[in-house]
Amino acid sequence: MNKKLRVVSERSDSPRAQDTAAAKPNYWRSLAELDQTPEFRDAVEREFAEPLQELPPDSPGRRRFMQVMGASFSMAGLAGCRWHEDKILPMTRRPDGVIPGTTSRYATAMELNGVALGLHATSYDGRPIKVDGNPLHPESLGASSTYHQGSVLGVYDPDRSDAVSQKSGTGREISNFEAFDKASKDQLKKLRANRGEGLRVVSERTSSPTMLALKDRWLAAFPLSKWVTFESLGTNGRAAGTALAFGKPHRVHYSFAEAKVILSLDADFVAPSFPGGLANARGLTKGRTPDHEEMNRLYVIESAFSSTGATSDHRLALRAEQLKAVAVFLDNAISAKASALPEQGAGQPKPAAEFLNDAKVQKFLGAVAKDLLANVGKSIVVAGLHQPAEVHALVERINVLLGNTGRTVFYTEDSADAVQSDTAALKALTEEMAAGKVETLFVLGGNPAYDAPSDVAFGAALEKVAFSVRLGLYEDETSQAATWHVPAAHYLESWGDARAYDGTVSIVQPLIAPIFGGRSALELTARLLGEEPKGLELVRAQHKGLLGDDRRFRKAVHDGIIEGSAFDRVSPKLTPIAPIKLSEREVSGAVVNGQLEVRFVPCPKVYDGRYANNAWLQELPESFSKLSWDNGAFFSVATAKALGFTDGDVLTLTVGGKTVDIPCIVAPGSAEGSVKVALGYGRTHAGRVGGKVGTDVTPVGGNANLIRTSDAPFFTGGLNVSSNGPGKRLANTQDLYAMDQIGLDGIAERLPELVREAPYEKFKEEPHFAKHMVHQPHELNLWVDPVSYEGHKWGMAIDLNKCIGCSACVTACQAENNIPVVGQVNVAMGREMLWLRVDRYYRGDPNEPELRFQPLPCQQCENAPCEQVCPVGATMHSHEGLNDMVYNRCIGTRYCSNNCPYKVRRFNYFNYNVDVIGITPYTPTEDPKMKLKAMVFNPEVTVRSRGVMEKCTFCVQRIQNAKIPAKNAHRAIEDGEIKTACQETCPTDAIVFGDLNDKKSRVASLQKLERAYQLLGEFNNRPRVQYLARITNPNPELA
Amino acid sequence: MAAASDFNPFQSPPKGDNMFAQITDNVTRIMEAPKPPRAWYIAFGIALSMLTMFLGSITWAAWNGIGVWGNMMPVAWAFPIVNFVFWIGIGHAGTLISAILFLLRQNWRTAINRFAEAMTIFAVMCAGIFPGVHIGRPWLPYYMMPIPNQMGMWPQYRSPLEWDIFAVSTYATVSILFWYMGMIPDFATFRDRSTSTAKRIAYGIVAMGWRGSSRQWHRYERAYLILAALATPLVLSVHSVVSFDFATAQLPGWHATIFPPYFVAGAIFGGFAMVVTLAVPARQFFGLKRIITIRHLELMAKVMIATGLMVGYAYGMEFFISWYGGSSYEGFTFVNRLFGPYAWAYWTMISCNVIFPQLFWFKKVRTNVWAILIIGMIVNVGMWFERFVIICTSLTRDFLPSSWGYFVPTKFDFMTLGGSFGLFFTLFLLFCRYLPMVAMSEVKAFSPPGGHARPHLDHGHDDAAHAHAQP
Amino acid sequence: MSLFVFPRWANKTRQLAGLFLSTAPIYVIGLVWYGASPKTTDVGYEPHQPVPYSHQLHAGQMGIDCRYCHNTVEKAAHAAIPPTATCMNCHSKVWTSSPKLAPVRDSFASGLPVEWIKVHDLPDYVYFNHSAHVTRGVGCVSCHERIDQMEEVYQAKPLSMGWCLDCHRHPEPNLRPSSEVTNMTWKAPNGDAEAYGAKLRAENHINPPTDCSTCHR
């Protein structure tokens, strides 16, 4: 793969389909094909309608398919009965450095909830097929998350809106940009006259300097208008808290690698939805490598299991609302010891909370306080973003008192351009709209009609607005009520810029011209203001000051970041915090049904629902329940038992008279009386994946926004739950907690051998414990080794101490290897196709469980059971030790799967690509938009048809594409040159791949570590994957 | 033909004290009769409709992908393979009776060997279909054959599935030869007695010009002996090889050295159960009570209890080994069989295969036709469940708990299973109608004509029988 | 009534049947093996191209190097068909009005590609990489035969799996100095391609893999 980064020629921003064809610059010759121009439509029909009938059912002809879309090659119908005729469509003028059929990478960035992550997008013949983290980006460091991995599928989503539409009566009718531009121009002319009277704008939370500058110009042009920023998952507890503690809002940044003791108060700070989460994960796990240096110690107090909690050494389950009292308690304890300066104010009085008197809690908090005080300047306390201002204020106060500021905790002023999400303002606006005070409304992105709290009836109010414009990727819930819907451009289709949480600016660079002719928010706003509506020009102009000449701009685009654009770090003065009042609930202990706490969390898959139509993310098993295609209400074992619920029961959740139906998930580790529900489900106008009312695609999951209110958007009490009995078979890829006793005992018995672990002290005494845990019998082979491993010897090491179970690797694997989506029913039947799975095991007392993750790719056994039983030799051993799987030889006896002790093999029970591509070799569709889906495929990987087995290949295509150029250049492959997709995206660097014959390679040295062990190695399969045993670092006082 | 209250060629053999003539009449009249009894038609109708369902469900699976069945991960093998092993098992009794009992000079076998052999062949046919249709790409099974090709690819001979191909096809070939060989003299009898030219030519061709000369009898004897000798090891080899599919795998519950004998015993057990299931109605409807006597049924009952006990022993031994072997995974698998999610299947198997056959200890039961029939059917069910337990429950919970699953069959699974019986019975009913259901020549060899015994296979009497038979 | 007896001629059928049964399998295998192999089905495929481009003229008589047009062959998997611009390098000056070249001029003007028809077409699950072969000194002629003598290009080799394997297992006869890969008439010094190939193979450490994943991913 060509790793060299190139800058897209500026011409890439050229006008597209709706502009004149002649204006198309040559560079985008191939992309012009992608436009919905008549030629393209025609070409698509010609190329795809017939020939696929000609393909034999077992022909993985989909790869060809993409080559077409890549416009290097194309398929035509059969010339005659004898030869299948293919056509080659070369470019008329090939730009320098463009080699058909090779990949190149471009730097870009994706913004989520006002925080940008720098990315590298891989382009194949002008088509983005994969995104990965940008190693230069301070908050990516090369890592990315499920959201980013999945985002590339969104580019080719056939459900994306492809035309301007206008409300007509009850329905909507297709319109065009000309009509819209004219209408909006007239409307704005009126508004300029009355200085924006009755003009309102609702925008997503964005950190884009260009967008914010446009916003200022907008407000200058329309002084009477209002601009409301709303983000369903936008929190401002931290801003308000830091304001309380320091006088003005600040951002908080951490250096977890430096910390020795870390306390999280319901903060899942390694989650991608947490600002800087990926960098935090890297730092945290960097401090958890026991082989050479000391380990940090992680305490987590949380309401339900999170990745952070799963990684912790000590964990305490409390309801989210109880953490305020905890914070007060800790501040009291620490202020007492750490002598605060007078101007910093006195500590809080000891809180009178009954649950704090519980022996367990007291012991825990006492130990934590002691440990923190023992590690002054080397500790970190983090509060969950959803926690109220007081908690954040106290947490920062504690950090300051512990002298962490400037060592492990850093502050930057929350500059004005980091707009806070303002639910109150949205509520006010909604009332204005309902009262008919708003004549003109622009909704730039977002989907408030769906994700606004239930007491903000945005959708209904929108009906009352005379002239409303919705810019969106989909014609979704909000668009339904708007008078105009304008298709938006995907971030991989448009120029822009955005800031990381630490302020670093990234230039968002398009990889492809907008396929459906959408516009970015930048372009639309500029156009409305009558400015030059070219994204690139806007961005360039915005950064003239900082970057000056063109060369530096190009460098910034090339690198993906603008150096030195991060905010300056400050050390704010701590101000006294008045004694904090604790409400009845906040100090209460156990709660009964009707008074339960409900906690609304961002979905790790569909976020706030914006990815609801992304099949990869919908099918991804959620980290803790392993549930796909649904959201669940998470109950602790005790609570579920007390209420008599079990897995899969359909529950009616009622808060303040509002209800929603969601299936029950018994999730050990949840706080008693606290119910976790993921947002982002129950979309009614998502598309043919996420659900669309009026079609046979029912909404996926239940919409938790229905029981959410604007005053308590993230957790609240007063939840009543009632069961409607068992529902449909849940699509979970691993047994839920509730299973028969035999099974539970069996798991408990073998778990220590599967996920081997020991406390730090034991590990130091007995470093080889993991190797010696299981007796390895004398190895006798039935067959002689088929190959001797000269040359390369590929292997992998997976560090169980680092895996946080985020599952980014799983989606990355899916994107890299063209893994089909099988859908809810087939997942429920146990037919998911994911090559890499992240196993989740609960350990110990179900009321205070520990949680373990174990990523499981194909182990590439040297003595592979699968190879010996295949009757046709469709899976064979390569000379580099790969367990090759040959799809076109496989006849599908499935014997290999039966004999695989890891059950990592996956079988195409149906032609699942029908769902991905929308066509089968025998029943071609006439819908070119369905065919569009095929463009996301990686041409370097065969697309499997029905009836063949498949499995992890160690990304053999990446190996080949590194080996061949290296050999051509007569050089050796250096270590780290080949990264598997899962390794590349892993935030914690838990997966390392490389050549075991290269003694200096990282993987070789890791497999040599004492704590390295083979999973089920006692069966003499000689797996090429080795796991590094998990080492915990418990506090002796709590052990 | 009308209600047949007065005269029914199937029910009333002609008068006369010549045993040979009676035998010949009893058997040939079935073929000679213008119409079989109504029961035959009803049975044939049902069988045919089930056969249609079979073909329908297979075609459906081949067209849409085998996902129409309940197979999933980890249970990648389910009903189709269960059915395959089940039918292969059924297909054992025939050759056992014909070959092994022949070599052991068990004369009583002559009454039942013919349709036991027929049953074998039909069962093997049913079995043979499943490996072909259960694969993911049913249009490519020839990849398993060693055919030279431009890919330079050969099958993989380390795979037990490859061994299966050869084992089963060999067994099928030899069984068919053996069966056909045995029928030749009887075809000749049919030929000589048939009234219509068409029948005469048809039977004449298949009789291969048999004249009953002493030379022919001599050669026939030799060939029969040789084939019997050839078939004998096959009886043991086929199911042993089939058991290797499981025994060579690493899966707890499959990885057991006891499998070959265990499977063979089970096969004979199930095979005999199927023989009685067929013999009892056949002798009722086709008036063969005098040929297939209670004694024959009782002897089969004895064989069943013997093999039943062997199977029971194997069940016990599996548990002992799993404990004695000390592998926690093995141990878990068997505890899981007893009490896990599939316990119901396991206990069905035990009660059908081990508990019910114990009734055969009582002579009353052994000599009660209907009791034998019912127990035989129960054993058939039990043997099917044995394969289900071995294949499916072992797969549902193997090494890594993360990959555990629960297999639920779909309606197509049941249609395919039921349908295979359709195929079996269709063939069998046709056999009853048009082919010599009983090996007349052999039966005669051991039956006293008018009282005094005859030396083995005296051809002269065959001719006598003919002479008598001619009107 | 008379018994059924076989007529005398029936005896012949035995020999005939014996003959048939013994020869039929051999015949069928032969039929499938040869009849269905690419040697028979694919070799000689010579589609009619939209532009009557003659390799015989350009590569043969004029002696233009293959890499002038197929310039990605040493860098990439595909030996890319040249963009129209490459044709126009010369044909903007020579044969500017030739009707045969009309499609090329149209393409250059309109920006729409010339739709060439693919001649050497491997299955989608086969990943062939030109650069890997060319840089090792496998000449174009080894797989494409004497392109320089083809008026219109046709497939001269079976391009079947067995055919690929033959060379991967025994590459010597097809090896040459990488400087000579495009030379259609190159002959091994002292004519012994085998020995010379063996020497090159040793020098350049050429050991072609025969793993499945070499070509199938």
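A few points on the structure. (Residues numbered from 1 in each chain as written. Chains lettered and ligands numbered in written order. Predicted model: local features only at pLDDT ≥ 70, side-chain atom pairs only at ≥ 80, totals over all residues. Heavy atoms only, no water.)

### Side note on the interface of chain B and chain A
Phase 1: Taken together, the contact between chain B and chain A spans 64 residues of the former and 62 residues of the latter.
Phase 2: The junction of chain B with chain A conceals about 5200 Å² of combined surface from both sides, 56% of it contributed by carbon and sulfur atoms.
Phase 3: The largest contributions to the chain B side of the interface with chain A come from Met73, Arg137 and Arg158 of chain B, which together make up 16% of the buried area.
Phase 4: Where chain B meets chain A, there are two salt bridges.
Phase 5: Across the pair Asp740 of chain A and Arg397 of chain B runs a salt bridge, and its minimum N-O distance is 2.6 Å.
Phase 6: Applying the counting criterion to the chain B and chain A interface returns 34 residue pairs in polar contact (both at pLDDT 80 or more).
Phase 7: Of all elements in the fold, only α2 (38-64), α6 (160-193), α8 (214-247) and α11 (328-339) of chain B reach the threshold of two or more residues within the side of chain B that touches chain A. (Contact = heavy atoms within 4.5 Å. Buried area = accessible area lost by both parts, 1.4 Å probe. Salt bridge = Lys/Arg side-chain N within 4 Å of Asp/Glu carboxyl O. Polar contact = N/O pair within 3.5 Å; in protein donor to acceptor, adjacent residues only side chain to side chain. Helix = DSSP H or I, 4+ residues; strand = E, 2+ residues; numbered from the N terminus.)

### A short note on α11 of chain B
Phase 1: Compared with the 16 Å implied by 1.5 Å per residue over 12 residues, the 16 Å span of α11 of chain B between its first and last C-alpha is a close match.
Phase 2: Listed as buried for α11 of chain B are Tyr329, Glu330, Phe332, Thr333, Phe334, Asn336, Arg337 and Leu338 of chain B.
Phase 3: The inward-facing, buried residues of α11 of chain B abut α25 (741-754) of chain A together with α10 (294-325), α12 (343-355) and α14 (369-396) of chain B. (Expected span 1.5 Å × (residues − 1). Buried < 20%, exposed > 50% of the residue type's maximum accessible area, 1.4 Å probe, protein only.)

### A closer look at the sheet that holds strand β15 (residues 409-413) of chain A
Strand pairing in a sheet relies on backbone hydrogen bonds, with the paired strands running either antiparallel or parallel.
Residue and element names in this part refer to chain A.
Phase 1: Across the sheet, which stays open at both edges, the three strands sit in the order β10-β15-β21 with antiparallel pairing between neighbours. If you trace the sheet from one side to the other, it starts and ends with β10 (250-254) and β21 (569-570), each paired once.
Phase 2: Contacting β10 and β15, helix α8 (residues 237-246) crosses the sheet at an angle of about 100 degrees to β10.
Phase 3: Seen against the sheet, helix α13 (residues 389-401) touches β10 and β15 and runs at an angle of roughly 125 degrees to β15. (Pairing = 2+ DSSP bridges. Axes fitted to C-alpha atoms, helices over the stretch in contact; angles between N-to-C directions.)

### Looking at the sheet that holds strand β7 (residues 171-174) of chain A
All names here are of chain A.
Phase 1: Across the sheet, seven strands lie side by side as β7-β6-β18-β17-β16-β8-β9; this open sheet has mixed pairing. Edge positions in the sheet fall to β7 and β9 (226-229), since each of these pairs with one other strand and no more. Within this sheet the neighbouring strands show an average axis-to-axis angle of 20 degrees, counted without direction.
Phase 2: The pairing of strand β17 (residues 467-472) with strand β18 (residues 484-487) spans four bridges and is classified as parallel. Following the sheet pairing, Leu471 is matched in β18 by Val486.

### Considering the pattern of salt bridges
Phase 1: Summed over the entire model, instances satisfying the criterion amount to 71 salt bridges over all chains.
Phase 2: For Glu318 of chain B, the salt bridge goes to Arg337 of chain B, with nearest N and O atoms at 3.5 Å. Taken together, the residues Glu318 of chain B in helix α10 and Arg337 of chain B in helix α11 connect sequence positions 19 residues apart.
Phase 3: Each of Arg105, Lys130, Asp132, Glu816, Arg958 and Glu984 of chain A takes part in a single network of salt bridges with overlapping partners.

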